[in-house]
Amino acid sequence: PLWAHVRTGNTDGPSAGLMMALAYIDLLTPGALVGDLRVAGTGGIRPDGLAFPVKGIDVKVATALLARSDVIFVTRPPTSVENVTIVQSHKERLPADGYTVGEWLNVFGYEQAGRDAADHPGTAPVVVVHDLRQALAWLCGHTDGASVCALALRSESIPIGTQ
């Protein structure tokens, strides 16, 4: 419907895909998805949840830091920031049979990284994600919010290779 169209003025390109996906999820779930957490980030998004790199990550991270964001999601580490959270996960898009999506993407590691960041308020972690579900898991760990944790749990439980 017309009300659901994103209006970005003259700006175009995929850079806000990851943030737009989180914003749509926020609109479609009860309550505030992440409370009063200020979330920034950049990265394109595919229909399957894959987040892909875009141009200008260093400038976008610098801008997010100036805006006093609580977390900044990126799809590759910026060169301008030293402390970047990188959680080990599979980057290949061909997951093996027998895994769940959550195991393949190591969403537990992202959730733990979010909990760790919550123990250090006042810092803006820059978190590298390769998939929307990893961002949801990090947000769940950081906020322990009912909506975001329910979404993270549902999305990570999908089995792979259910033949």
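About the thresholds
- Residues numbered from 1 in each chain as written.
- Predicted model: local features only at pLDDT ≥ 70, side-chain atom pairs only at ≥ 80, totals over all residues.
- Heavy atoms only, no water.
- Salt bridge = Lys/Arg side-chain N within 4 Å of Asp/Glu carboxyl O.
- Helix = DSSP H or I, 4+ residues; strand = E, 2+ residues; numbered from the N terminus.
- Buried < 20%, exposed > 50% of the residue type's maximum accessible area, 1.4 Å probe, protein only.
- Disulfide = S-S within 2.5 Å.
- Pairing = 2+ DSSP bridges.
- Axes fitted to C-alpha atoms, helices over the stretch in contact; angles between N-to-C directions.
- Contact = heavy atoms within 4.5 Å.

Participant: What exactly am I supposed to notice about the pattern of salt bridges here?
Facilitator: A pair can form between side chains of opposite charge whenever their charged atoms are brought close. Per the stated rule, a full pass over the model turns up three salt bridges. A salt bridge links E111 to R115, with the nearest nitrogen and oxygen atoms 3.0 Å apart. Here the residue E111 and the residue R115 both occupy positions in helix α4 (residues 107-118), the gap between them amounting to four residues, near one helical turn. For E111, a relative accessible area of 19% translates into the label buried. Given a relative accessible area of 30%, R115 falls into the partly exposed group.

Participant: Looking at this structure, I do not really get the state of the cysteines. What am I missing?
Facilitator: Two cysteines joined by a covalent bond between their sulfur atoms form a disulfide. Tallying each qualifying case throughout the model produces one disulfide. With its sulfur 2.1 Å from that of its partner, C140 forms a disulfide with C149. One quick way to see it: the torsion about the S-S bond of C140 and C149 is about 105 degrees, and its sign makes the bridge right-handed. Given a relative accessible area of 18%, C149 falls into the buried group.

Participant: Explain the sheet that holds strand β5 (residues 84-86) here, please?
Facilitator: Remark on secondary structure: sheet strands pair via backbone hydrogen bonds, oriented parallel or antiparallel. The strand order across the open sheet formed by four strands is β1-β4-β6-β5, and the pairing between neighbours is parallel. Here the strands that pair on one side only, and so sit at the sheet edges, are β1 (39-41) and β5. Averaged over all neighbouring strand pairs, the angle between strand axes comes to 30 degrees, with direction disregarded. Pairing of β5 with strand β6 (residues 126-128) involves three bridges; the strand directions are parallel. Bridging across to β6, T85 finds its partner in V127. On the sheet, helix α1 (residues 17-28) packs against β1 and β4 (71-74) and is oriented at approximately 150 degrees with respect to β1.

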